[in-house]
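Chain by chain, the residues run as shown.
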Amino acid sequence: MKKLWKRLPKLSRNGKTVRNITFVLLTALLLPAALGWPALTQDGALAKMQGKYLLTPSELLYRTRQGDTQGYLFQGEGWVAAGQVRKLSGTSRPLERDEPIITRIVDREEPGVLVIPAQDKDDATVLAAFGGPEEAAQAELTLEVAAVEPDWGVPGEIVKDETFTARCQREENGYYFFRLLPHDHGEEQCCVLDAVWRQLLPIGDDFAGNRYTVIWADAQGQELSRLTGEIPENLNLRDFW
């Protein structure tokens, strides 16, 4: 081995520089591969998660953002899904700091309502309705939200059942996006929307089971159709490591 090593040609200074740069570039490529090709953006983390569950190709329909958390609504052939990507303080993969979660996947051909699992910058809860009549131009959503017991250490805080109503116009893609803003109840009572986001979302639960009604109408406000149902179960699909 020593004799073979001595037979190798000696590199010039420029040759050594090229060798070192090549080594650094190869390391930069091979290290991410060894770590499972971590996604470097939140959109990339969600795309990687979609590939894992064979939800590609897909089209992004709506996005919400609050702080380091983004919520998504996206669709593919025959399905529509909601998901979330949130920033983590630490993971077992040193280059990966975003955790993607897919909360729901439903049949796009059936009328329904999905919650986008992240509030927007105004603290609004956004729900998407789809599958309404082709001739509809607007819609109204009513959501009944059941109270949850506050347990985040605020003495005397009260949470009650509430009903929220919002209206919106039909988007070009055929979806309707309703924004529900929390109510201000003063110091003694917490809005049930805030209670759900603070208490249930971190543990993988949310608005599942709460009842809704969507009324689709034409441009003159004449009712065309209505749908009553419950927010579907949270699948809570995660990329554990």
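Anything mentioned here points back to the structure above.
Conventions adopted
- Residues numbered from 1 in each chain as written.
- Predicted model: local features only at pLDDT ≥ 70, side-chain atom pairs only at ≥ 80, totals over all residues.
- Heavy atoms only, no water.
- Pairing = 2+ DSSP bridges.
- Helix = DSSP H or I, 4+ residues; strand = E, 2+ residues; numbered from the N terminus.
- Phe/Tyr/Trp six-rings, centres within 6.5 Å; stacked < 30°, edge-to-face > 60°.
- Axes fitted to C-alpha atoms, helices over the stretch in contact; angles between N-to-C directions.

### Quick notes on the sheet that holds strand β3 (residues 79–87)
Consideration 1: Spatially, the five strands line up as an open sheet ordered β1-β2-β3-β4-β12, and their pairing is antiparallel. Taken across any chain shown, the strands that pair with only one partner, and hence form the sheet edges, are β1 (59–66) and β12 (237–238).
Consideration 2: As paired strands, β1 and strand β2 (residues 69–76) are joined by seven bridges and run antiparallel to one another. In the sheet register, Gln66 faces β2, and the bridge partner there is Thr69.

### Here we look at the packing of aromatic side chains
Consideration 1: Applying the stated criterion to the full structure yields five aromatic pairs.
Consideration 2: Plain terms: the ring middles of Tyr175 and Phe177 are 6.2 Å apart, the flat faces sit at 15 degrees to each other, and that makes the pair stacked.
Consideration 3: One aromatic cluster in this structure is built from Tyr62, Phe130, Tyr175 and Phe177.

### Focus: the sheet that holds strand β6 (residues 125–130)
Consideration 1: The strand order across the open sheet built from three strands is β5-β6-β9, with neighbouring strands paired in antiparallel fashion. What marks the edges here is a single partner per strand, and that holds for β5 (112–115) and β9 (176–180). Strand-to-strand, the axes of this sheet are offset by a mean angle of 25 degrees, without reference to chain direction.
Consideration 2: With four bridges joining them, β5 and β6 adopt antiparallel strand pairing. Bridging from a neighbouring strand, Val113 pairs with Ala129 of β6.

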